[in-house]
Amino acid sequence: AGFPSVLRSGLSKMGVPSDILDLLFGFINAQEQYPKIPEAKGSLDAVRSEAFFIPLYELYLTYGGIFRLSFGPKSFLIVSDPSIAKHILKNNPKNYSKGILAEILDFVMGKGLIPADGEIWRVRRRAIVPSLHMKYVGAMINVFGEAADRLCNKLDDAASNGVDVEMESLFSRLTLDIIGKAVFNYDFDSLTNDTGIVEAVYTVLREAEDRSVAPIPVWEIPIWKDISPRQKKVSKALKLINETLDQLIAICKRMVDEEELQFHEEYMNEQDPSILHFLLASGDDVSSKQLRDDLMTMLIAGHETTAAVLTWTFYLLSKEPRIMAKLQEEVDSVLGDRFPTIEDMKNLKYATRIINESLRLYPQPPVLIRRSLDNDTLGKYPIKKGEDIFISVWNLHRSPELWDDADKFNPERWPLDGPNPNETNQNFRYLPFGGGPRKCVGDMFALYEAVVALAMLVRRFDFQMALGAPPVKMTTGATIHTTDGLKMTVTRRMKPPIIPTLEKMPAMVGDSSVGFLKD
Ligand code: HEM
């Protein structure tokens, strides 16, 4: 008999009850019978470097689709295997909570939809998802267009004055202006103004990102909050945002009370198509704290993600003039000089493929975070309750086993007439918006937002990396940022000749030289 069974009978003779022995030895036996998850012996320093998902990629190449990474008493499971990712996200999602993510984001999102788990999540998801119906997304196309047009005007000034622009911060402001209108009908106008509220939003965002990469949670030390100037600034910013949200909720409630519109499935108030308006009109029975948490969550979820997608898309395009030229050709022929409409979305095929491919190379966020609520089996490995898990979307999206030329920016890998790539048709090797019941609620919104902004900008301008711009490196917070910005030189494009269409001809009917066009 092996050592465990000798030990067991010994303990049993000493009077240890058999159910306790079962528990103890069940665990030991399980450990003996099942293979053990590979343990990465990575250097701690490497993982603490700025973009932590890069060393995780190196470790993945060595240790494979699931491995354990330990820091002293803490350990994480790093998952880079499509079928294990599918198991966690789609087949057994009830066994996984948001874990550390919920802890870190509590100060800003509370029990909002991203960190929430269990029953609260279920109820809020059911209330919020219907608000993003097709009619709403259609109305948002105009909001995207107007905001992108404001950015164009700004770039136009820069082009006239011959000054370079830092695109990452401009994209951040573009998407902040959009998400403010979209979620609670508030015009941050951050592309033109730096108001207190805009600054407060950025204070809170930076804090959330710093906390997510901080080695020690200093903010949990009770008196720290009251004496640290930085924490005081964060509290002040949160207070301002909460007050503003409360005001917006109050204004919206009055509008809903006064309107005659009947609530129905595709309900939308034309003056205020916001998600907040939909929620209040639906009679969503919710505490004001919960409503604020959800609004804050959507503000953050929908802001930095899309900004990062646009930033990396323009970076990728700056290196591929052929792809840029092909994109501009498509945009010229689909849009000409108009604002985009929802019908244009299906015709801006190449633009969409560029965003799909940009999301593959720079997934936002680069890792998804979970914690097991009970024992489970991942691949061939048993895992215990309470494991902290990182699903590395970065690794999945750049795996040399799963992709040809994984590191190459190649929009052509997605056929123009094929389906829009998603986690289901790519069998979980591609997860730009997650998967399973916790998949992004704003996926169509975000895709269209990125396509509209991309199309409107490249229609009017050419973009080049600015001379002497710092090399573009990655830094992580929640999304992938550049380390020193994306500095570009913007030049106005020569307008392509506008080819008259037959509909425009009647004004010229009197002109005999074009008379032949009449029939
Ligand atoms: C969840 C990506 C834009 C709202 C997620 C998740 C991903 C994601 C990967 C899953 C997180 C997880 O499983 O842990 C993105 C990307 C975007 C984007 C790449 C832009 C390109 C938006 C927008 C909104 C939004 C515009 C709001 C209008 C949400 C919400 C969740 C979520 C509320 C949580 C859903 C739940 O847990 O039930 N997003 N998102 N996202 N996203 Fe997005």
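My aim in this report is to walk through the structure given alongside it, one point at a time.

Quick notes on the rules
- Residues numbered from 1 in each chain as written.
- Predicted model: local features only at pLDDT ≥ 70, side-chain atom pairs only at ≥ 80, totals over all residues.
- Heavy atoms only, no water.
- Phe/Tyr/Trp six-rings, centres within 6.5 Å; stacked < 30°, edge-to-face > 60°.
- Helix = DSSP H or I, 4+ residues; strand = E, 2+ residues; numbered from the N terminus.
- Buried < 20%, exposed > 50% of the residue type's maximum accessible area, 1.4 Å probe, protein only.
- Donors = N, O, S within 2.8 Å, 3.2 Å for Na, K, Ca; no water.
- Contact = heavy atoms within 4.5 Å.
- Arc of directions from axis to C-beta.
- Axes fitted to C-alpha atoms, helices over the stretch in contact; angles between N-to-C directions.
- Parallel < 35°, antiparallel > 145°, perpendicular 65-115°, else oblique.
- Nonpolar A, V, L, I, M, F, W, Y, C, P; charged D, E, K, R; others polar.
- Near = heavy atom within 4 Å.
- Polar contact = N/O pair within 3.5 Å; in protein donor to acceptor, adjacent residues only side chain to side chain.
- Core = buried A, V, L, I, M, F, W, Y, C linked by side-chain atoms within 4.5 Å.

### Describing the packing of aromatic side chains
- Per the counting criterion, the structure on display carries 22 aromatic pairs.
- Between W403 and W414, the ring centres sit 5.7 Å apart and the planes meet at 75 degrees, which makes this aromatic pair edge-to-face. With W403 in the loop between α19 (393-398) and α20 (443-460) and W414 in the loop between α19 and α20, this residue pair connects regions lying 11 residues apart in the sequence. Across the pair, exposure class does not vary: W403 and W414 are buried alike.
- Centre to centre, the rings of W403 and Y430 are 6.4 Å apart; their planes meet at 75 degrees, and the pair counts as edge-to-face. Of this pair, W403 sits in the loop between α19 and α20 while Y430 sits in the loop between α19 and α20, and the two are 27 residues apart along the sequence.

### Digging into the coordination of the iron atom of the ligand
- For the iron atom of the ligand, the sole protein-derived donor is C440 (SG), lying 2.3 Å away.
- Mapped onto the fold, C440 is located in the loop between α19 and α20.

### Some thoughts on the side chain of T479
- With respect to the secondary-structure elements, T479 resides in the loop between β11 (474-476) and β12 (480-482).
- Setting aside residues no more than four positions away along its own chain, T479 makes contact with E209, E304, T305, A308, Q364 and P366.

### Focus: helix α5 (residues 82-91)
- All buried positions along α5 are accounted for by P82, I84, A85, I88 and L89. For α5, the arc enclosing every buried residue in end-on projection is 165 degrees, short of the 170-degree limit, so these residues lie on one face. Along α5, the residues that are exposed and aim more than 90 degrees away from the buried face are S83 and N91.

### Here we look at the packing of helix α12 (residues 229-258) against helix α14 (residues 288-301)
- The N-to-C vectors of α12 and α14 enclose an angle of 110 degrees; their axes lie 10 Å apart at closest approach. If you check the angle between α12 and α14, you find them roughly perpendicular. Here I241, N242, L245, D246 and I249 of α12 come into contact with α14, specifically with L291, R292, L295 and M296.
- Of the residues assigned to the contact of α12 with α14, the class counts are six nonpolar, one polar and two charged.

### Quick look at unusual backbone geometry
- Q364 connects to P365 through a cis peptide bond whose omega is -5 degrees.
- The residue P365 is located in the loop between α18 (349-361) and β6 (367-372) in this model.
- One non-glycine residue with positive phi stands out, namely N185, at about 55 degrees.
- Of note, N185 is situated in the loop between α9 (167-184) and α10 (196-213).
- The exposure class of N185 is partly exposed, given its relative accessible area of 26%.
- Phi at N427 is positive, roughly 45 degrees, even though this residue is not glycine.

### Regarding the site of the ligand
- Close to the ligand lie 25 residues; W121, R125, R370, R438 and C440 are nearest.
- Measuring from an oxygen atom of the ligand, one finds a backbone N or O atom of L113 at 3.4 Å.
- Only α7 (118-128), α15 (304-318), β6 and α20 provide two or more residues apiece to the shell around the ligand.
- Of the residues forming the shell around the ligand, the biggest block, three residues, is contributed by α15.
- Across the shell around the ligand, the residue classes break down as 14 nonpolar, six polar and five charged.

### Side note on the nonpolar core
- Ranked by internal contacts, the top residues of the largest apolar core, which has 133 residues, are V108, L155, F314, L327 and F463.
- Of the residues forming this core, the biggest block, 13 residues, is contributed by helix α8 (residues 134-161).
- Residue contacts for L327: discarding those within four places in its chain leaves L317, Y350, A351, I354, L454 and V458.
- The next biggest cluster of nonpolar side chains, apart from the first, holds 19 residues, and it includes V79, I84, A85 and L396.

Read these as geometric descriptors, not functional statements.
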